[in-house]
Amino acid sequence: MQATFWGVRGSVPSPITGKQLEAKIAHTIHYAIRTGKFTPETPLEEVATWLHEIPFEMRSTYGGNTTCLSVNCDDIQFILDMGTGIRELGLAQMSGIIKNKTLSCIALLTHVHWDHIQGFPFWAPLYLPRRVFNCSCTLYGGKTWDSQLELVLKGQMNAPVFPVNLEEIEQTSMKLNFNSIYDGWEGRFETRSNDEVRVLARKLNHPQETFGYRIEYNGNVFAFTTDNEPFAAGVPKGMIELVKNADVWVTDCQYTLQNYTGEVGGVPKHGWGHSYPEAIALIAEHAKPKRIITTHHDPQADDDTIWKIAHTVQQLTGIPTEAAYEGLVLDL
Ligand SMILES: [Zn+2]
Ligand SMILES: [Zn+2]
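Participant: Before we go on, may I ask you to explain the pairing of strand S1 (residues 2–7) in this structure?
Facilitator: As a general feature of sheets, a regular strand has side chains that alternate between the two faces. Along S1, 5 of the 6 residues are buried, which leaves the element largely enclosed by surrounding structure. As judged from the 5 bridges shared by S1 and strand S2 (residues 68–73), these two strands associate in the antiparallel manner. Note on S2: the bridge partner recorded for Gln2 is Asn72. Two elements, S1 and strand S14 (residues 329–331), share 3 bridges in a ladder whose sense is antiparallel. Bridged to Thr4 within S14 is Val329.

As structure tokens, then:
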């Protein structure tokens, strides 16, 4: 199983600003000078190697695209949410599609808030003509929303807000197959080697119906629970079922506790549907995942804050934890 992160931001795309980038460069140059190991004769490769070894949050950035991950189990490719990160996934898929003239994937949608579907119209494979390419995507999403998944995706592409409508695509380009899921839904998929991939969906605590997913394949477990607010009264059974002994648990941890309570920022975030390190630690205590990846980073959070949130989770749980960044690849 291989998971790749294409978008890790919550709520709204929030790319690094020029000012933040400048500050980062100044900080890194200053740090480099203080090491005393560089001269005008130092080759660029040596500088690049050194750069790669200094802390990630200093030299790089977690990324500004909203939620999208791909999880590959042999020949099965799952797409978890279709935030703006799916544009990058689409570009990465293109060379394989051009070569093989085919794409088949399964999209597991947690919910349809904008930050989880907004990249869909910018997913390049969607537009490849059916007369040349055999592209299909089977989508799974909730059914108790005011509008079904297909209608929501159509809605964000209806004129005058987008120039191509989804009906046109469904008739001439990618084949889309829509399915409803429910709390406790289990999907079983077979790889080309006849191995089974089991997917479990359980409801999370978030405005509008939202699901977390547990993907089991080849003895490995990948759990994904974004957009979840902790319950005051303990950890729900469904959450434990999703995360229990997971090899990797990818979870929303948008706020610090102080942001959540309003002690910092002035506005309490109760009812906004997101987590903070202390709540993650409580779930981890019950479910005992082996590794934690925090995601759905707050648009307001800079790279240092995102690092600190993940670091706090690691301190509280004693479980290896890191913050998701665009391009992070996990092999399970
Ligand atoms: Zn979200
Ligand atoms: Zn949401």
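Participant: Help me out: how do you make sense of the coordination of the zinc ion (ligand 2) in this one?
Facilitator: Six octahedrally arranged donors around a metal ideally form angles of 90 or 180 degrees; four tetrahedrally arranged donors ideally form angles of 109.5 degrees. At this site the zinc ion (ligand 2) is bound by His111 (NE2), His113 (ND1), His206 (NE2) and Asp227 (OD), with donor distances of 2.1 to 2.5 Å. Around the zinc ion (ligand 2) sit 4 donor atoms, and with donor-metal-donor angles ranging over 87 to 176° the site reads as irregular. Sequence positions of the residues that donate to the zinc ion (ligand 2) give the spacing H-x1-H-x92-H-x20-D. The metal-metal distance between the zinc ion (ligand 2) and the zinc ion (ligand 1) is 3.4 Å, with Asp227 coordinating both. Note that His206 is positioned in the loop between strand S8 (196–203) and strand S9 (211–217) and Asp227 in the loop between strand S10 (220–225) and helix H8 (237–243), a separation of 21 residues in sequence. Each member of the pair, His206 as well as Asp227, carries the same accessibility label: buried.

Participant: Would you take a moment to explain the sheet that holds S9 for this structure?
Facilitator: The 7 strands are arranged S7-S8-S9-S10-S11-S12-S13 in an open sheet whose pairing can be described as mixed. With partners counted over all chains shown, the strands left at the sheet margins are strand S7 (186–190) and strand S13 (321–323), one partner each. Adjacent strand axes in the sheet meet at a mean angle of 15°, parallel and antiparallel pairs treated alike. Pairing of strand S12 (residues 292–295) with S13, which is carried by 3 bridges, proceeds in the parallel orientation. Bridge assignment links Ile293 to a residue of S13, and that residue is Glu322. Relative to the sheet, helix H10 (residues 277–287) contacts strand S11 (248–252) and S12, its axis offset from that of S11 by approximately 150°.

Participant: What exactly am I supposed to notice about the side chain of Thr191 here?
Facilitator: Position of Thr191 among the secondary structure elements: in the loop between S7 and S8. For Thr191, a relative accessible area of 3% puts it in the buried group.

Participant: What exactly am I supposed to notice about the coordination of the zinc ion (ligand 1) here?
Facilitator: Only Asp115 (OD), His116 (NE2), Asp227 (OD) and His296 (NE2) from the protein coordinate the zinc ion (ligand 1), and they sit 2.1 to 2.2 Å from it. Its 4 donor atoms give the zinc ion (ligand 1) angles of 90 to 171° at the centre, a pattern that matches the irregular case. As a motif over one chain, the donors of the zinc ion (ligand 1) read D-H-x110-D-x68-H.

Basis of the calculations
Residues numbered from 1 in each chain as written. Chains lettered and ligands numbered in written order. Predicted model: local features only at pLDDT ≥ 70, side-chain atom pairs only at ≥ 80, totals over all residues. Heavy atoms only, no water. Buried < 20%, exposed > 50% of the residue type's maximum accessible area, 1.4 Å probe, protein only. Helix = DSSP H or I, 4+ residues; strand = E, 2+ residues; numbered from the N terminus. Pairing = 2+ DSSP bridges. Donors = N, O, S within 2.8 Å, 3.2 Å for Na, K, Ca; no water. Tetrahedral: all angles 85-135°; square planar, octahedral: opposite > 155°, others 65-115°. Axes fitted to C-alpha atoms, helices over the stretch in contact; angles between N-to-C directions. Contact = heavy atoms within 4.5 Å.

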